Amino acid sequence: ANFLEMLGKLKQGEMVGIQIIIAPEGPEWAEHWEDLVEKLQESKKKEKRAITGEGETESFSSFTVRTPGQTDVLKAVEKNLSKPAFETILRFVYFSPKSIFYDSFARRGITGAFNQYGSLDTNRFVQNYSVSTRTKIWNFPYIFPHTRNEYRQRRLIFNYRHRQPPPEVFMGRILTSTFFNWNTHSRWFSMNAECIATVFHPPTFLVLTAPHIQRMESRKVGPPAGLAIYGDEKDLSDFQ
């Protein structure tokens, strides 16, 4: 519903494209996050000392208990890692005539629509500003911002049209780079099957799509009485 509301504000001549490229990962993808799971699972043990009535010190151990929020995070991480995953690239482009071009539509509107999938205590989508087409003089390397921005625009539209993934090896990134645009910032990120199905999901009857999309009313009924099924005697003779 948030995407339909955002896209419903497009004017004549404007165009938005959202592209999702996925490639299956092996079952070992979860091993990359084993350290994170172990860190969330461990209970911190602290050793304390107390002075007894005879003036002697006695040591004892105490364990810190995870808060309900930390427990929910651990459950969410383990559930996420239990499903098959895909290497994912997510791109969006915005085209418009200069007379009605609105810079914040893509920078805030589209990225804001993706914020509905985020959570403050687990994961969220983050825009890769190193490949975005909004280069200013204060961005590294601080020279020729307009030229660098034009090269970024060319690379983005080329990758979008050809569904081009980032090069797998470092030498491939170097060979596809130019002086004004180094192809070293685009990268894959992992999303499991449930995440992909959540993002790439056409609106169902549970989503309020009006007034942007009008639904066609339909209902299921039985066949009418007296419906010709086998035809007349002449039609039957053709099958004998």
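Look above for the structure.
The model shown is predicted, which means the values in this text are computed figures rather than measured ones. (Residues numbered from 1 in each chain as written. Predicted model: local features only at pLDDT ≥ 70, side-chain atom pairs only at ≥ 80, totals over all residues. Heavy atoms only, no water.)

(A) View of the sheet that holds strand S5 (residues 189–192). Spatial ordering of the open sheet is given by S1-S4-S5, a layout of three strands whose pairing is antiparallel. The sheet is open, and its two borders are formed by strand S1 (15–24) and S5, each paired with just one other strand. Adjacent strand axes in the sheet meet at a mean angle of 40° when their direction is disregarded. In the sheet, strand S4 (residues 85–95) pairs with S5 via four bridges, with the strands oriented antiparallel. Each residue of the ladder has a partner; that of Phe86, found in S5, is Met191. Across the sheet, helix H5 (residues 145–162) touches S1 and S4, and the angle it forms with S4 is around 120°. (Pairing = 2+ DSSP bridges. Helix = DSSP H or I, 4+ residues; strand = E, 2+ residues; numbered from the N terminus. Axes fitted to C-alpha atoms, helices over the stretch in contact; angles between N-to-C directions. Contact = heavy atoms within 4.5 Å.)

(B) Examining unusual backbone geometry more closely. Looking along the chain, the bond that leaves Phe140 and enters Pro141 is cis, with omega of 10°. As for its placement among the helices and strands, Pro141 is situated in the loop between helix H4 (103–114) and H5. Positive phi is not limited to glycine here, since Tyr142 has a value of about 70°. Within the secondary structure, Tyr142 is located in the loop between H4 and H5. Residue classification places Tyr142 among the partly exposed positions, given a relative accessible area of 46%. You will see that Phe144, though not glycine, has its phi angle at about 45°, which is positive. Since its relative accessible area comes to 48%, Phe144 is described here as partly exposed. (Buried < 20%, exposed > 50% of the residue type's maximum accessible area, 1.4 Å probe, protein only.)

(C) Up close: the packing of aromatic side chains. Under the criterion given, the structure shown has twelve aromatic pairs. Ring geometry for Tyr117 and Phe125: centres 6.2 Å apart, planes at 80°, overall edge-to-face. The partly exposed category is assigned to Phe125, whose relative accessible area is 23%. Relative to Phe189, the ring of Phe125 has its centre 6.3 Å away and its plane inclined at 80°; by these criteria the two rings are edge-to-face. Taken as a pair, Phe125 in the loop between H4 and H5 and Phe189 in strand S5 lie far apart in primary sequence, 64 residues in all. On the basis of relative accessible area, Phe189 is assigned to the partly exposed category, the value being 31%. Counting every residue linked through ring pairs, the aromatic cluster contains Phe3, Phe114, Tyr117, Phe125 and Phe189. Above the ring of Tyr151, the side-chain terminus of Arg154 is found at 5.6 Å from the ring centroid. (Phe/Tyr/Trp six-rings, centres within 6.5 Å; stacked < 30°, edge-to-face > 60°. Lys NZ or Arg CZ within 6 Å of the ring centre and 35° of its normal.)

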